[in-house]
Amino acid sequence: MGRKVTVAACALNQWALDFQGNLQRILKSIEIAKRKGARYRLGPELEIWPVLHRNVRYNCRVIFLNRRILLIRPKMALANEGNYRELRWFTLWSRSRQTEEYFLPRMIQDVTKQETVPFGDAVLATRDTCIGSEICEELWTPHSPHVDMGLDGVEIFTNASGSHHVLRKAHARVDLVTMATTKNGGIYLLANQKGCDGDRLYYDGCALIAMNGHIFAQGSQFSLDDVEVLTATLDLEDVRSYRAEISSRNLAASRVSPYPRVKVDFALSCREDLLEPPSEPVEWMYHSPAEEISLGPACWLWDFLRRSRQAGFFLPLSGGVDSAATACLVYSMCRQVCEAVRNGNQEVLADVRAIVDQLSYTPQDPRDLCGRLLTTCYMASENSSQETCDRAKELAQQIGSHHIGLNIDPAVTAVVGIFSLVTGKRPLFAAHGGSSRENLALQNVQARLRMVLAYLFAQLSLWARGARGGLLVLGSANVDESLLGYLTKYDCSSADINPIGGISKTDLKAFVHFCMEHFQLPALQRILAAPATAELEPLTDGQVSQTDEEDMGMTYAELSVYGRLRKIAKAGPYSMFCKLVNMWKDVCSPRQVADKVRQFFSKYAMNRHKMTTLTPAYHAESYSPDDNRFDLRPFLYNSSWPWQFRCIEDQVHQLESRGPQDLDGVD
């Protein structure tokens, strides 16, 4: 018969400039694909290196068969927004359906025995089917190449992707592939990078194989396996019969401009395949956002730890939700490491033995592993309550971390004493009669000294315990606090990496609740029930008198709304007011909305400079304020926003003069 094809899509944890490691992972994936009977294997984007053609650098797919290059297909749409700056490194191929000769470097000629190969926008015609290539971003463009390729008879689409994780994004990727093959028919393979890219992104795998609008193979979204290969056996006749029934598609196909075809003397199917069982459709399994948080940042932490060759993590644990969430992520990482070892992952076992410096160690209990990898520290001051101290200690006991308790008051007294000695002035907290400037300065001294102590203990605490190595300092500022600048510059938010820096307070609370139930950590119940507080001002009768939302003048839920409007909708003060006056018309008057918008933008502008020193954080949210890679806007604004605030005030006066009954017509 000769119509069934077995194809493979891979997810590989490639690492920039790790040429030997990258090669080994590629070879391993090829071996697995062959062992599973695949006749075509697809890897992720840029799994080897770019191609220089006529002194221009291109991001390409290089398609091989039996030591010969069949086609070099350059990328035709480059990602150049958000986290990506592809135009800085590559040029897109703009000559649709055209090819040129590419002269191979001599060292490649020695291997392939070819002098030139086709380079450009073409498809492969095998003895039994036609194969076309897309590269990552091209799937997301308004008119993707697979549309015209499918109309021109391409039956198998292959997409080599480098697509990063963002909370709630997986459905978009799956929908794009299923809709592509629903409208046009065909088989679609998507391979993806996985793991930490050596920066803020985590690539989340999710390799897949689809046909005619259905998923036939789903790869894991989060995994410690460096190599994952999925295969599916599909019937080409199913594609042909599906397409034959779509008359609108066939009419469009009769008018499409043809692609250059590279003829390949090879068949993906075998002659005798009648008894070969085809793959069955599967239902895509999505993680909840809380599950995504428990898995993605934990995998990112593991990659960062093993590749940085450090001996573990140091975390200032305050007894609040944010630092508790970071501790839970390390504990989740330990759970995944133990599970991977139980499943026979020798690479993970070798890595964990190298990290703990014990060649005979085999992790079985996540609490035991957490005690070896995570040092937590409660840094008390005279403004700390016994409740937060107890909550931190209880959580540390339940996850098994090595916990330290210390008091920073001697250091605070010494630093403030130096200032008083030089100036003859002694600053006071507002509760003791001091000004707002004094009050803020005294809070910042505490926060910054905690950062100094965190790095001291990260460098020397293992030395003091007779162990080798140093620790990576973990930060715990969430995305909402960073957006507003509700943090002290160079305080405990300053760390080596921050696994929650791209996650909202709302999502963090849901994640902590998830951990409480699924990881059996009852200490988290008290942490969730407590009000968020920095504990930098004096206590009142031994009780916390300072809360985060009162300090900020807005709720975390409101901050999430501001963040999405500012980054995603690109809203300035007046635009944000116009949107919120409708969104919040049932709970706020126009005057109240105006006051909230003015307060947010004033603080946003005054604190924007803090974005330049944010700790590198796991990118998980579409309104991250990280100005290094994602939110490339000025860090010096006119914080009085004179024109914008005047426009808001004019609009408020108009609305108030019209009365509340007319608000439904606001545009």
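What counts, and where the lines are drawn
Residues numbered from 1 in each chain as written. Predicted model: local features only at pLDDT ≥ 70, side-chain atom pairs only at ≥ 80, totals over all residues. Heavy atoms only, no water. Buried < 20%, exposed > 50% of the residue type's maximum accessible area, 1.4 Å probe, protein only. Helix = DSSP H or I, 4+ residues; strand = E, 2+ residues; numbered from the N terminus. Pairing = 2+ DSSP bridges. Core = buried A, V, L, I, M, F, W, Y, C linked by side-chain atoms within 4.5 Å. 1 Å grid on protein atoms, 1.4 Å probe; cavity = no way out; pocket = protein on both sides within 12 Å on 5 of 7 lines; lining within 4 Å. Points joined across faces, edges and corners; volume = space filled by probe spheres on them. Nonpolar A, V, L, I, M, F, W, Y, C, P; charged D, E, K, R; others polar. UniProt positions renumbered as here; feature names shortened; annotations may be inferred. Contact = heavy atoms within 4.5 Å. Axes fitted to C-alpha atoms, helices over the stretch in contact; angles between N-to-C directions. Disulfide = S-S within 2.5 Å.

Q: Explain the pairing of strand E6 (residues 68-74) here, please?
A: Within a regular strand, side chains alternate between the sheet's two faces. With six of seven residues buried, E6 lies mostly within the body of the structure. Bridging between strand E5 (residues 60-65) and E6 involves six bridges; their strand directions are antiparallel. Residue pairing in the sheet places Arg61 in a bridge with Arg73 of E6. The hairpin formed by E5 and E6 contains two residues between the paired strands, and Asn66 there has a positive phi angle of roughly 50°.

Q: Help me understand the nonpolar core in this model?
A: Among the nonpolar cores identified, the biggest contains 65 residues, and Leu301, Trp302, Phe313, Met333, Val337, Leu395 and Leu524 are the most heavily contacted of them. Looking at this core, the element that brings in the most residues is helix H9 (residues 321-342), giving 14 residues.

Q: Looking at this model, I keep getting lost on the layout of surface pockets. Mind explaining?
A: Rolling a probe over the atoms, with the probe sized like a water molecule, indicates the empty space that remains. Roughly 1600 Å³ of internal volume is contained in the largest pocket. Ile30, Val62, Ile63, Phe64 and Leu65 are, among the 49 residues lining the largest pocket, the residues nearest its centre. Elements with a minimum of two residues in the lining of the largest pocket: helix H1 (19-35), strand E2 (40-42), E5, E6, helix H3 (106-112), strand E10 (130-135) and strand E11 (156-161). Residue contributions to the lining of the largest pocket peak at eight residues, all from H1. Its residues assigned to classes, the lining of the largest pocket shows 34 nonpolar, eight polar and seven charged.

Q: Honestly, the UniProt feature "domain: CN hydrolase" (unreviewed entry) in the protein chain in this entry has me stumped. Any pointers?
A: The positions that UniProt labels "domain: CN hydrolase" (unreviewed entry) are, in the present scheme, residues 5-236. Here residues 5-236 runs as 22% helix and 37% strand, with 7 Å between its end C-alpha atoms.

Q: Could you clarify how one ought to interpret unusual backbone geometry in this entry?
A: Of note, Arg168 is a non-glycine position whose phi angle comes to about 70°, a positive value. Located in the positive-phi region is Cys206, a residue other than glycine, with phi close to 60°. Here Cys206 shows up in the loop between strand E13 (202-204) and strand E14 (208-211). Since its relative accessible area comes to 2%, Cys206 is described here as buried.

Q: Can you walk me through the environment of Trp463 in this structure?
A: As for its placement among the helices and strands, Trp463 is situated in helix H14 (residues 436-464). In sequence terms Trp463 and Ala244 are 219 residues apart; their C-alpha atoms lie 71 Å from each other.

Q: So what exactly am I meant to see when it comes to the sheet that holds strand E19 (residues 374-380) here?
A: Spatially, the four strands line up as an open sheet ordered E20-E19-E18-E21, and their pairing is parallel. The open sheet has two free edges, formed respectively by strand E20 (402-407) and strand E21 (472-473), since each of these has just one partner strand. Pairing analysis gives six bridges linking E19 to E20, with the strands arranged parallel. In the strand pairing of E20, Thr376 is matched with His403. Across the sheet, helix H11 (residues 366-373) is in contact with strand E18 (313-316), E19 and E20; its angle to E19 comes to roughly 65°. Running over the sheet, helix H12 (residues 386-399) touches E19 and E20 and is turned about 170° from E19.

Q: In this structure, what is going on with the state of the cysteines? I would like to understand it.
A: Each disulfide consists of one covalent bond between the sulfur atoms belonging to two cysteines. All chains considered together, the criterion is met by zero disulfides. Cys196 forms no disulfide, and the closest cysteine sulfur to it belongs to Cys299, at a distance of 11 Å. By relative accessible area, which is 4% here, Cys196 ends up buried. Take Cys328: it sits in no disulfide, and the sulfur closest to it among the cysteines is that of Cys515, at 4.2 Å.

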